Amino acid sequence: MEMSTVQVIFHIDETNKWPMVLANVKNLLKVVDPQHSHIVVLANSQAVLAYTADSAEHQPVMASLAADGVCFEACQNSLTGLKIERDSLSEFVQVVGVGVLEIIEKQSAGYAYIRP
Amino acid sequence: MEMSTVQVIFHIDETNKWPMVLANVKNLLKVVDPQHSHIVVLANSQAVLAYTADSAEHQPVMASLAADGVCFEACQNSLTGLKIERDSLSEFVQVVGVGVLEIIEKQSAGYAYIRP
Amino acid sequence: MEMSTVQVIFHIDETNKWPMVLANVKNLLKVVDPQHSHIVVLANSQAVLAYTADSAEHQPVMASLAADGVCFEACQNSLTGLKIERDSLSEFVQVVGVGVLEIIEKQSAGYAYIRP
């Protein structure tokens, strides 16, 4: 089976949606080639809490997906609001200024948007 | 009033969102021409449970909308995870391999995305 | 810092999502130029209840954002279903016929879609 190449941004702003988002991404990786795709997970609001290094629950799955090429992003505004320091985030997390602007710009660049 | 023609994919992954999704589609059909539109409802995760023939609650509305031209799709991955056999689904349901890939491909093809 | 110009439609259909939606819009206005952008908040279903003039909770924030150029829209179908008269809405609210059609048309016109 030939693998698809995709551009997609997943949006999560609620902590309890992480299992769904990560399951969605894992299922997607069964049929797309991550090396030739752009798969972004953008977290804002409370959802960024799962990115802190001491938030162990989803870290192994995230780290594995990041190693496969999935890009995990955190909204700086949300981090500031929750008083989370950048250096408390797992190393694979990238910080963007304003999460909703990132979502807009990615869609403008042709990314599909999925909100599980 | 001239009817609009649209291309849209509705995304549902929670069982309790079915009333909202179906109401959205019914309202849309008041103002668009379904014969010249492409209206897709893509269900993944727990939402596929409502597609089984013995899940009576929403079947009459779904069957009516399907007869009007609305396309109801189920994610095969989700069916497998929930041990739902294809032949237990209502006859109007179409199965796609990976729901999120379907969402991405429809957006790439110009479909709008709505997540009620 | 140069301000971005954007086209985006935020979709809300649950009353309890108003704080998130309004926080998202406020954060966005820190980095985009609202005078050269098109920022729409489309409410349907129960979410339109927050638009009534006697629903005081979010009105000051909404009025302030509307003064900055944010467009607040209500779905007429939803108003009818909830027996809300147009003249009970705050003056900054614009009414559109069918909310989901508005979402589709805005995406067709190049707007990004965000569902907080």
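Residue positions are given per chain, counting from 1 as you read along its sequence in written order. Ligands are numbered from 1 and chains lettered from A, in the order in which they are written. Local features in a predicted model are, by the rule used here, given only for residues with pLDDT of at least 70; side-chain atom pairs are given and counted only at 80 or more, and totals for whole chains, interfaces and linings are based on all residues. To get the side-chain values, all heavy atoms of the structure are used, and hydrogens and water are removed first.

Colleague: Looking at this structure, how should I read the packing of aromatic side chains?
Modeller: In this description, a pair of aromatic rings is defined by centroid distance and the angle of the planes. Each pair of aromatic rings taken from Phe, Tyr and Trp, with Trp reduced to its six-membered ring, is defined by centres within 6.5 Å and is described as stacked if the planes are under 30 degrees apart, edge-to-face if over 60, and tilted in the remaining cases. By the definition in use, this model includes 12 aromatic pairs over all chains. Ring centres of A:Y113 and B:Y113 lie 5.9 Å apart, and the angle between their planes is 80°; on these two criteria the pair is classed as edge-to-face. Of this pair, A:Y113 sits in strand β5 (residues 112-114) while B:Y113 sits in strand β5 (residues 112-114), which puts the two residues in different chains. Ring centres of B:F72 and B:F92 lie 5.6 Å apart, and the angle between their planes is 65°; on these two criteria the pair is classed as edge-to-face. Pair noted here: B:F72 is in strand β3 (residues 71-75) and B:F92 is in the loop between α3 (76-81) and β4 (93-96), with a separation of 20 residues, a long-range link. Using a 1.4 Å probe on the protein chains alone, a residue whose accessible area is under 20% of its type maximum counts as buried, one over 50% counts as exposed, and one in between counts as partly exposed. B:F92 sits in the buried class, given a relative accessible area of 17%. We count a stretch as a helix when DSSP gives it H or I for four or more residues in a row; a strand needs E for two or more, and each element gets its number in order from the N terminus.

Colleague: Which parts of the structure should I look at to understand unusual backbone geometry?
Modeller: Glycine aside, a negative phi is what most residues show, and trans is what most peptide bonds show. Residues other than glycine seldom take positive phi values, yet A:S45 does so here, at roughly 50°. One can find A:S45 in the loop between β2 (38-43) and α2 (59-67).

Colleague: Before we go on, may I ask you to explain the pairing of strand β1 (residues 7-12) of chain A in this structure?
Modeller: For a regular strand, the rule is simple: side chains alternate between the two faces of the sheet. Residue and element names in this part refer to chain A. Where burial is concerned, most of β1 is hidden: 5 out of the 6 residues are buried. At least two bridges found by DSSP between two strands is the condition for calling them paired. Pairing between β1 and β2: 6 bridges, direction parallel. Within β2, the residue paired with H11 across the bridge is L42. A right-handed crossover is one whose linking path, passing over the helix from the first strand to the second, runs clockwise when the strands point away from the viewer. Traced from β1 through helix α1 (residues 18-29) to β2, the parallel crossover comes out right-handed. Bridge count for β1 against β5 is 3 bridges, and the pairing is parallel. By the bridge assignment for β5, I9 is matched with Y113.

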